[in-house]
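Fold and contact review
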Amino acid sequence: MVTVLICMAVGMFLGLKVIPEKYQKINGMLQYVFIAVLIFCMGAGLGSNPSFFAELQSVGLKALMFAILPIVFSVICVYILTKLMFKENKP
């Protein structure tokens, strides 16, 4: 996990300080391409596992919870923070 955070921090630094603004559009397109390649490789890895479909029911429920819970709590946090930060001054 620490390695992922370090790589993300290095990438953010490079994006903000090293890559010139005129290359930002190309950088954005490359991000989409590499994300598509990553998703393809993950799918190929899962599909090559012979027991994948047998384990899909138990793994699927866990994956659904890992997706839904962060989304729900993110929406709740954004709602609360928006209410706190953008209070209107009422007399």
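The following paragraphs examine the structure supplied in this document. Every residue gets a number counted from 1 within its own chain, in the order that chain's sequence is written. Totals for whole chains, interfaces and linings use all residues, but because this is a predicted model, local features are given only for residues with pLDDT of at least 70 and pairs of side-chain atoms are given and counted only at 80 or more. Only hydrogens and water are set aside when side-chain values are computed; all heavy atoms of the structure are taken into account.

**Remarks on the overall build of the protein chain**
Secondary structure counts use DSSP, requiring at least four H or I residues in a row for a helix and at least two E residues in a row for a strand, with both numbered from the N terminus. Within the protein chain, the secondary structure is distributed over 3 helices and 0 strands. In the protein chain, the succession of helices and strands from N to C terminus is α-α-α. Every radius of gyration here is taken over C-alpha atoms, with the globule rule written as 2.2 Å times N^0.38, N being the number of residues. The C-alpha atoms of the protein chain give a radius of gyration of 20 Å, which is well past the 12 Å a tight globule of 91 residues would have. If you line up the protein chain on its principal axes, its C-alpha atoms span 65 × 40 × 25 Å. Computed by Shrake-Rupley with a 1.4 Å probe, the accessible areas treat only the displayed protein chains as cover when residues are assessed. For the protein chain, the exposed surface amounts to about 8700 Å²; the carbon and sulfur share of it is 76%.

**Things to note about the state of the cysteines**
By definition, disulfides here are pairs of cysteine sulfur atoms that lie within 2.5 Å. Counting across every chain of the model gives 0 disulfides. Residue Cys 7 stays outside any disulfide, its sulfur separated by 17 Å from that of Cys 41, the closest cysteine.

**What to know about the environment of Phe 66**
With respect to the element layout, Phe 66 can be found in helix α3 (residues 52-85). Phe 66 gets classed as exposed once you look at its relative accessible area, which sits at 68%. The rule is simple: take the accessible area with a 1.4 Å probe, protein chains only, and divide by the maximum for that residue type; under 20% is buried, over 50% is exposed, in between is partly exposed.

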